[in-house]
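As a plain string of letters, each chain reads:
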Amino acid sequence: MVKRELRLNTALFTDYASKLRTVWLPEGQAAVPGDNDELVYPDGTIISKTFYYPITDKNNRSRVKASDGSAVLYDNNDGLPMDQVRLMETRVLVKLKESWVALPYIWNEAQTEAFLDVAGDSTNLTLVKNDSEEQFTYIVPDANECAGCHADGKSRKLVKPIGPRIRHLNRDLVYADGKQNQLDYWTAHGLLTGVDSTTATQNALWPNGRAGETLEHRARSYLDINCAHCHNPKGAAKNSGLWLTWDTTTPVRLGFCKPPVAAGKGTGDRKVAIQPGDPDGSILLYRMQSNDPGEMMPELGRSTSHAEGVALVSEWIASLEGDC
């Protein structure tokens with residue numbers, strides 16, 4: 001097996017947790033481009049994502065520090081400093097016979113071993129962010145809930161990766177031998193074939209973007225990774241008619257002046273998904289801000305609202321011209 005750390009341009013938000021991602025491919029086999037900007041990985045591929053937090057006090061592991069979602073404190077040579085972090089869970093995707101299996105592992109208190117637990121878990125934590133503190137419950141989804149985000153539109157049993165796709169991986173990283181595009185690095189090391197990074201799609205770099213990346217591209221990239229796994233023509237939220245994929249071009253599909261199909265109290269008494277120029281009149285922003293399980297979006301994977309993501313999408317909506 002060949003192992004590599006992987007990083008995304010804009011990562012999925014999960015209660016300000018840090019995330020360490022790895023991919024393991026069978027020796028001599030490589031991923032290839034598939035449909036809709038996805039990568040097709042060979043049987044035997046293992047993708048892992050470890051969720052953890054830096055801690056504020058070694059004697060109180062329930063007080064954790066917020067991060068931007070990257071692998072904070074991780075070193076390629078030394079790994080994670082275990083006395084400075086609180087490990088929460090490791091989610092594993094294994095590809096067997098052309099289909100993926102999702103396996104949730106929960107770390108023990110000693111942080112020496114993670115155990116498979118299909119029932120999920122919950123932990124009460126105090127999130128320290130800048131000069132503020134927030135009490136919240138970190139939730140590990142059960143094995144069935146994994147399909148809520150990862151399932152293919154054809155069946156809830158057909159799970160697949162969300163993050164390690166071409167547009168999410170198309171970024172520069174600093175390796176031991178210097179700076180290189182991640183896709184090019186994979187190609188050079190035999191993990192990938194058939195992808196040209198110079199012409200491949202590329203999501204914006206979180207949080208501030210690269211030089212020249214527009215506000216629209218940054219906001220659309222955020223919605224793409226956080227919402228589009230459900231809000232697409234084949235996803236779990238396809239009946240909503242709201243499609244937030246990176247390549248959606250029809251304004252009403254993207255939510256412009258689009259009334260809800262069946263949002264119930266989740267509308268916040270707002271009339272349309274996106275009211276151009278008016279974030280406070282947009283259902284999309286209301287659901288991003290809410291922590292009510294019956295209103296919030298995404299409905300899985302978070303207990304807190306992502307203030308920075310809300311600010312970015314709010315700024316984008318405020319910049320839009322037009323009227324409903």
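Residues numbered from 1 in each chain as written. Predicted model: local features only at pLDDT ≥ 70, side-chain atom pairs only at ≥ 80, totals over all residues. Heavy atoms only, no water.

Caption draft 1: Seen up close, the overall build of the protein. Helix and strand content of the protein: seven helices and 15 strands. What you see for the protein is a C-alpha radius of gyration of 20 Å, in line with the 20 Å of a compact globule of 324 residues. With the C-alpha coordinates of the protein rotated into their principal frame, the extents come out at 55 × 50 × 40 Å. Taken across its 324 residues, the protein has 49% of its residues classed as buried. Counting contacts in the protein only where the partners sit at least 6 residues apart, residues at least 24 apart contribute 55% of the total. Counting only carbon and sulfur atoms, one obtains 49% of the accessible surface of the protein, whose full area is about 15,600 Å². Across the protein, the mean location of the 35 positive side-chain charges is 3 Å away from that of the 42 negative side-chain charges. (Helix = DSSP H or I, 4+ residues; strand = E, 2+ residues; numbered from the N terminus. Rg over C-alpha atoms; globule rule 2.2 N^0.38 Å. Buried < 20%, exposed > 50% of the residue type's maximum accessible area, 1.4 Å probe, protein only. Contact = heavy atoms within 4.5 Å. Areas by Shrake-Rupley, 256 points an atom, 1.4 Å probe, with all protein chains shown as cover. Lys, Arg positive; Asp, Glu negative; His and termini not counted. Charge placed at Lys NZ, Arg CZ, Asp CG, Glu CD.)

Caption draft 2: Representation of the packing of helix α4 (residues 215-227) against helix α7 (residues 307-319). In the contact formed by α4 and α7, the axes pass within 9 Å of each other and the chain directions differ by 130°. As summarised for this structure, α4 and α7 are arranged oblique, according to the angle between their axes. Crossing angle aside, the handedness with which α4 passes α7 is left-handed. Where α4 abuts α7, its residues L215, E216, R218, A219, R220, Y222 and L223 lie against G309, L312, V313, E315, W316 and S319. Broken down by class, the residue content of the contact of α4 with α7 amounts to seven nonpolar, two polar and four charged. (Axes fitted to C-alpha atoms, helices over the stretch in contact; angles between N-to-C directions. Parallel < 35°, antiparallel > 145°, perpendicular 65-115°, else oblique. Left-handed = near helix turned anticlockwise from the far one by under 90°. Nonpolar A, V, L, I, M, F, W, Y, C, P; charged D, E, K, R; others polar.)

Caption draft 3: Spotlight on the pairing of strand β14 (residues 172-175). Only one face of β14 is buried, namely the one carrying L173 and Y175, since none of D172 and V174 on the opposite face is buried. With four bridges connecting them, β14 and strand β15 (residues 178-181) associate as antiparallel partners. Of the residues in β15, the one forming a bridge with Y175 is G178. (Pairing = 2+ DSSP bridges.)

Caption draft 4: Spatial organisation of the pattern of salt bridges. Applying the stated criterion across every chain, the model contains ten salt bridges. Its salt-bridge partner being K160, residue E38 comes within 3.1 Å of it at the nearest N-O pair. Of this pair, E38 sits in the loop between β3 (32-33) and β4 (39-40) while K160 sits in the loop between β13 (155-159) and α2 (166-169), and the two are 122 residues apart along the sequence. Accessibility expressed as a relative area gives 22% for K160, which makes it partly exposed. Each of D37, R167 and D224 takes part in a single network of salt bridges with overlapping partners. (Salt bridge = Lys/Arg side-chain N within 4 Å of Asp/Glu carboxyl O.)

Caption draft 5: Local environment of the state of the cysteines. In the structure shown here, the tally under the stated rule is one disulfide. One disulfide bridge connects C257 with C324, the sulfur atoms lying 2.0 Å from each other. Disulfide C257 to C324: torsion about the S-S bond roughly -85°, handedness left-handed. With C257 in the loop between α5 (251-254) and α6 (283-289) and C324 in the segment after α7, this pair connects stretches of sequence that are 67 residues apart. (Disulfide = S-S within 2.5 Å.)

Caption draft 6: Local environment of the packing of aromatic side chains. Per the counting criterion, the structure on display carries seven aromatic pairs. Aromatic pair F13 and Y16: ring centres 4.9 Å apart, planes at 85°, arrangement edge-to-face. For the residue pair F13 and Y16, the accessibility class agrees, reading buried in each case. Look at F256 and W316: their rings are 6.1 Å apart centre to centre, the planes differ by 50°, and that puts the pair in the tilted class. Taken as a pair, F256 in the loop between α5 and α6 and W316 in helix α7 lie far apart in primary sequence, 60 residues in all. F256 gets classed as partly exposed once you look at its relative accessible area, which sits at 21%. If you follow R253 out to its NZ or CZ, it ends over the ring of W243, 4.0 Å from the centre. (Phe/Tyr/Trp six-rings, centres within 6.5 Å; stacked < 30°, edge-to-face > 60°. Lys NZ or Arg CZ within 6 Å of the ring centre and 35° of its normal.)

Caption draft 7: Inspection of the side chain of S282 at higher detail. Examined against the element boundaries, S282 turns out to sit in the loop between α5 and α6. S282 gets classed as buried once you look at its relative accessible area, which sits at 0%. A distance of 2.9 Å separates a polar atom in the side chain of S282 from the backbone oxygen of D278. Setting aside its immediate chain neighbours within four residues, S282 contacts R270, V272, A273, I274, Q275 and I317. (Polar contact = N/O pair within 3.5 Å; in protein donor to acceptor, adjacent residues only side chain to side chain.)

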